[in-house]
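# A look at the structure
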Amino acid sequence: MIEIKNISKTFHQKKQAFKALDNINLNIEKGDIVGIIGFSGAGKSTLIRTVNLLEKPDEGQIIIDGKDFTKLNSRQLAQERKKIGMIFQHFNLLSSRTVFENIALPLELDDVNKDNIKEKVNELLKIVGLEDKAHEYPKSLSGGQKQRVAIARALANDPYLLLCDEATSALDPATTQSILELLRDINHRLGITILLITHEMEVIKAICNHVAVIDKGQLVSKGTLSEMITNKENPIIKQFLNSGVMTIPQELNKKLQKEPQDGLFPLVE
Ligand code: ADP
């Protein structure tokens, strides 16, 4: 459904060229929750931003349901982007608008009938569990509540795809868990495909059914989490797995206890 094909991107700064993405190929099926993991500066944000062409790749194609996004003009792209929600690490809410007004914004921009806006925003508030916060301003909300508002806003135009850029990096572990549960619920109940980037194995383990590992602009692994774990050859994968050793799922941990692998250690209970 979403094909990231041969995507490359070079940034030029102060007469220096820096290749942030180097020939990335990744397919994402409808209904998947795909995690892209990598260290800071690996190219994760740049990659996720090429999917809706916020970042224009130098080479390659983004093909969604057979449509090549790299060939669209700006008016067509603006239209397509409405069906792709995006959430960010720092929520990006407008402080002068209430929760209700923040969520209503994409609908207002789309010239939706006022009565329909009210109904839709109330429905979205219910999905994210913030019915009682509709008339509060962002400054009175916790980080988790702010991210819930941002998620509701991202869902306003009934997207088929949600792009999450380090959506839980600014949150404590318990809040992270609740936001990940909300994302999983949205994926299950609304059938929305999710592509998220993270530098934490915890996030991948919690909700992703596929994972791609990116390092220095290159895709070093893609597949299921167990495929990633059995790919013991790659030093980058080793680093992630070892840094997240306490987070290896139980069934994989049992497998590691039976068949130990270089660089991977089972969790000792
Ligand atoms: P990540 O999300 O994995 O931390 P990014 O995609 O943000 O990585 O960045 C990858 C590399 O590209 C970094 O070295 C970053 O400095 C560089 N980069 C990103 N955006 C720009 C830009 N607009 N101009 C110049 N360099 C950039």
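Only a predicted model underlies this, so the values are computations on that prediction, with no experimental measurement involved.

Within the structure shown, the criterion is met by zero disulfides. Free of any disulfide, Cys 164 has its nearest cysteine sulfur in Cys 208, 9.2 Å distant.

Here four strands make up an open sheet; going across it, the order is β2-β1-β4-β5 and the pairing antiparallel. Since the sheet does not close on itself, it has two edges, and those belong to β2 (16–28) and β5 (67–68), each with one partner. With nine bridges joining them, strand β1 (residues 2–13) and β2 adopt antiparallel strand pairing. Among the inter-strand pairings, Ile 7 is bridged to a residue of β2, identified as Ile 24.

This next bit is on the pattern of salt bridges. By the definition in use, this model includes 13 salt bridges. For Asp 158, the salt bridge identified is with Lys 120, shortest N-O distance 2.6 Å. Pair noted here: Asp 158 is in the loop between α5 (143–154) and β7 (161–165) and Lys 120 is in helix α4 (residues 114–127), with a separation of 38 residues, a long-range link. Residue Lys 120 is classed as buried on the basis of its relative accessible area, which comes to 14%. The residue Arg 189 makes a salt bridge to Asp 185 at a minimum N-O spacing of 3.1 Å. Remark: Asp 185 and Arg 189 occur in helix α6 (residues 173–190); sequence separation between them is four residues, near one turn of the helix. The exposed category is assigned to Arg 189, whose relative accessible area is 54%. One salt-bridge network, in which partners are shared between bridges, spans Lys 9, Arg 49 and Glu 55.

The immediate surroundings of the ligand are formed by Phe 11, Gln 13, Phe 18, Ala 20, Phe 39, Ser 40, Gly 41, Ala 42, Gly 43, Lys 44, Ser 45 and Thr 46. One of the backbone nitrogen or oxygen atoms of Ala 42 is found 3.0 Å away from an oxygen atom of the ligand. Here an oxygen atom of the ligand and a backbone polar atom of Gly 43 are 2.9 Å apart. Relative to its free-state accessible area of 560 Å², the ligand is covered by the protein chains to the extent of 63%. Every element with two or more residues in the shell around the ligand is listed here: β1, β2 and α1 (44–51). It is α1 that contributes the most residues to the shell around the ligand, three residues altogether. When grouped by side-chain class, the residues that make up the shell around the ligand number five nonpolar, six polar and one charged.

What counts and how
- Residues numbered from 1 in each chain as written.
- Predicted model: local features only at pLDDT ≥ 70, side-chain atom pairs only at ≥ 80, totals over all residues.
- Heavy atoms only, no water.
- Disulfide = S-S within 2.5 Å.
- Pairing = 2+ DSSP bridges.
- Helix = DSSP H or I, 4+ residues; strand = E, 2+ residues; numbered from the N terminus.
- Salt bridge = Lys/Arg side-chain N within 4 Å of Asp/Glu carboxyl O.
- Buried < 20%, exposed > 50% of the residue type's maximum accessible area, 1.4 Å probe, protein only.
- Near = heavy atom within 4 Å.
- Polar contact = N/O pair within 3.5 Å; in protein donor to acceptor, adjacent residues only side chain to side chain.
- Areas by Shrake-Rupley, 256 points an atom, 1.4 Å probe, with all protein chains shown as cover.
- Nonpolar A, V, L, I, M, F, W, Y, C, P; charged D, E, K, R; others polar.

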